[in-house]
Amino acid sequence: MAAAKTRTSTFSRNLSTAAPSHGPGLKCGPNGTVFLSSGIPDLDKILGGGFPLGSLVMVMEDAEAPHHMLLLRNFMAQGLVLGQHLLYSSPARDPRGFLGTLPSPAASKDDKSRERDPDQEKGLRIAWQYKKYFGENQLDGQRDGKHEYSNEFDLRKPLERHFINGPRIDCVSIQDCPDLSTLRDRCATFLSQFPRNDGSISCAGRIAIQSFCAPQCAYSNMEWDMLSFIRSLKSMVRSSNSVAIITFPPSLLSPSFCKRWQHMADTLLSVKAIQDEDKELAQLLTGYQDMVGFLNVHKVARINTQVPVILEATTFSIKLQKRRYLVLECLNQAPVDGSSGTSYGTSGGCSSSSKTGNLDF
Amino acid sequence: MAESIYRALRDGALEGELAPALTIKDSVASPFALQVFSHVISHLFSSILAGKSQSRGLVVVSFSRSPSFYLDLLKNKGTDVASSNKQIQILDCYSDPLGWKDQLAGSRNFTALSNEALVSSNAIVFREVKHMDKLYNSIIELGKGLVGGGKIRFSIAIDSADEMLRHAPVSSVARLLSNLRSHDQISSIFWLLHSDLHEARVTAVLEYLSSIVASLEPSHQLANGQRGDLENFSLIKHNSKKGKFHVRFKKRNGRVRVMSEEVHIEQSGINFTSLPSEGAINQGLVPKVQFSLQLSEKERIDKANVVLPFEHQGNGKPIQIYDGRRSLVDSKHERPVAAVENVQTNENCGSGEIIYYRDSDDEMPDSDEDPDDDLDI
């Protein structure tokens, strides 16, 4: 048999310790993919490293909440901070205005309270649903290296002007365009700067298209044209070293097109609004007061592999810690009050009825 | 709760943000949007006159009713319109929206415009409703005429969005509305919509563009939409006088506040009252349980009165350990107290019972023991 250079097993060497010959902000991943950060460290972790270069990310907006803007802001700010090129398009008259709201990287790790309240854990025996706290502690050692790849962003501090005024940003307004040819040409010129070849990657690009089918755009009822634009963008992105993120409100599309668009995505996320002062939800979930919305991960990009990603959880709550830092957390059910006698089926039997047999504990 | 709407419109827009936009939506089953719209206009106008709102002027873009309707409405509500030229202007898209009268008048002497002169101090006729850009410019011009340039803001009321959509495609109307919202002199904007007249996508577009959606629904849903049945007739009568008013606020922090009230239509206007004991229902994440988790008051009292199987009551009577073999009749005469029992009655109110059948009779009658004690860990 020939030398086993090509391994067909699912074990793959952890290449992140190998010296990366790539530019800043890029990380090698399994199966020969290179990742770039989404700007939200929690999201990178959930997706297994970040967004792979060459992938198309689509975010389904909720018409009732602006959470997709949070994702876009972090994505764009991350690119600018690391010196990557950015093309931003939006239906507003003046897209540059949005750049003023980009966040700046957080000051230092010391004053940020990523660590949980220490009092909570003293003398407590930790039940299963708190296992997320264990995961956090292990990351401390890796933080230093991560600054070159991803940053934690402080949403209250605007990004410094010199990042925004640099030559690496291009903005397009799609409101008045009668069709998508202008946008397609701009994307093509932008992406031609990052052709993919086998050598090392010097720089990467990011495309952010906000509210793609917004109703004020003239082309917004040309559904087939929009679909073919997405398809051509996907193919252009695939053959370049960049990541494109498109957000769109699915309620404004017809259902069949909405499905088609979802199929086009390599990574598909959706954000949902939370109802305020919802007592039932407050009883069901811990930390309801701090949540601003939900993030669902529907699809994770798998390039160069047939093995699908199966996530432990697909719904996360979006929280703003100290109203500054975007944090994604798994949903935790609130502890069930034993005296009520009933329990939601999914929580373990440890807190519920007293009539368990000998083997249930 | 209608108060929250007024407050949102009064407070207006913050610097650098889009102006709040309200959609008042109704349907044939509950057609009170016009009354709600008039109510909102009169409220907003009186707060403008009183100086309590961010906006200093109101521009009413009137497609489906003549300007005199609004002037009369405000007069009836007690506001003095004649002297408030500086606070309200009406863009009259009702009298001659497509410019036909003009074209006709061009070919002969015009006589038809005399009755418009009466309201001309407050109303300006607009003749090109197919061109949303020109409409936009006229609205802004009218508003600036009211409040001047600079930083002073004004509000806009559009009656109704349906008429705009008749004349122009959805994307132009959407562009108009979003440009109005992002103009820095607009404090707030609201419009009327009859959802039956449009496809679902159009309603979705207008809801997407607004930050507050107020919808009117009938109190009682008619069965199968039939209107002929006798039993439905009383429901229809009911629905013609009152309905439900649901409002969804999109808050800045990304949460949605949902409120509901009942609305009653009377001669003098409309009244909002709070809904009779209805909690907010969130269909999204709450798991569907078949149990009713809440107790009514009577149920709570009964529950408190039931004596539980494992309670020891020691109130004078001897504590007996029941071995599960006595007849039912005997046990009814004494208060069953032991840890193991068959049937328990409650002598106080006789309604609550806990029926507990032991798994097997092999076990020792005294089961104060913790069954976990014999686990060998």
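Quick caveat, the model's predicted, so the values are computed rather than measured.

Caption draft 1: Molecular detail of the side chain of Ser 104 of chain A. Within the element layout of this structure, Ser 104 of chain A appears in strand β6 (residues 103–105). Contact partners of Ser 104 of chain A, with chain neighbours within four places excluded, come to Glu 152, Phe 153, Asp 154, Lys 157, Pro 158, Leu 159 and Glu 160 of chain A.

Caption draft 2: Local environment of the pattern of salt bridges. Applying the stated criterion across every chain, the model contains 21 salt bridges over all chains. Between Asp 276 of chain A and Arg 255 of chain B there is a salt bridge, and its shortest N-O distance comes to 2.9 Å. Of this pair, Asp 276 of chain A sits in the loop between β11 (267–275) and α11 (279–284) while Arg 255 of chain B sits in strand β9 (residues 255–266), each in a different chain. Assigned by exposure class, Asp 276 of chain A and Arg 255 of chain B land together as buried. Across the pair Arg 65 of chain B and Asp 159 of chain B runs a salt bridge, and its minimum N-O distance is 3.1 Å. In this pair, Arg 65 of chain B sits in the loop between β2 (55–62) and α3 (67–76) while Asp 159 of chain B sits in strand β5 (residues 153–159), placing the two residues 94 residues apart along the sequence. This pair shows no difference in class: Arg 65 of chain B is buried, exactly as Asp 159 of chain B is. Residues joined by salt bridges that share partners form a network here, namely Asp 276 and Glu 277 of chain A together with Lys 251, Arg 255 and Arg 257 of chain B.

Caption draft 3: Quick look at the packing of helix α5 (residues 132–147) of chain B against helix α7 (residues 170–182) of chain B. Residue and element names in this part refer to chain B. The N-to-C vectors of α5 and α7 enclose an angle of 25°; their axes lie 9 Å apart at closest approach. With respect to their mutual orientation, α5 and α7 come out roughly parallel. Helix-helix and strand crossings are classified by hand; for α5 and α7 the assignment is right-handed. Here α5 contributes Met 132, Leu 135, Tyr 136, Ile 139 and Ile 140 to the contact with α7, which in turn contributes Ser 172, Val 173, Leu 176, Asn 179 and Leu 180. For the contact of α5 with α7, a count of residues per class yields 8 nonpolar, 2 polar and no charged.

So, how was this worked out
- Residues numbered from 1 in each chain as written.
- Chains lettered and ligands numbered in written order.
- Predicted model: local features only at pLDDT ≥ 70, side-chain atom pairs only at ≥ 80, totals over all residues.
- Heavy atoms only, no water.
- Helix = DSSP H or I, 4+ residues; strand = E, 2+ residues; numbered from the N terminus.
- Contact = heavy atoms within 4.5 Å.
- Salt bridge = Lys/Arg side-chain N within 4 Å of Asp/Glu carboxyl O.
- Buried < 20%, exposed > 50% of the residue type's maximum accessible area, 1.4 Å probe, protein only.
- Axes fitted to C-alpha atoms, helices over the stretch in contact; angles between N-to-C directions.
- Parallel < 35°, antiparallel > 145°, perpendicular 65-115°, else oblique.
- Left-handed = near helix turned anticlockwise from the far one by under 90°.
- Nonpolar A, V, L, I, M, F, W, Y, C, P; charged D, E, K, R; others polar.

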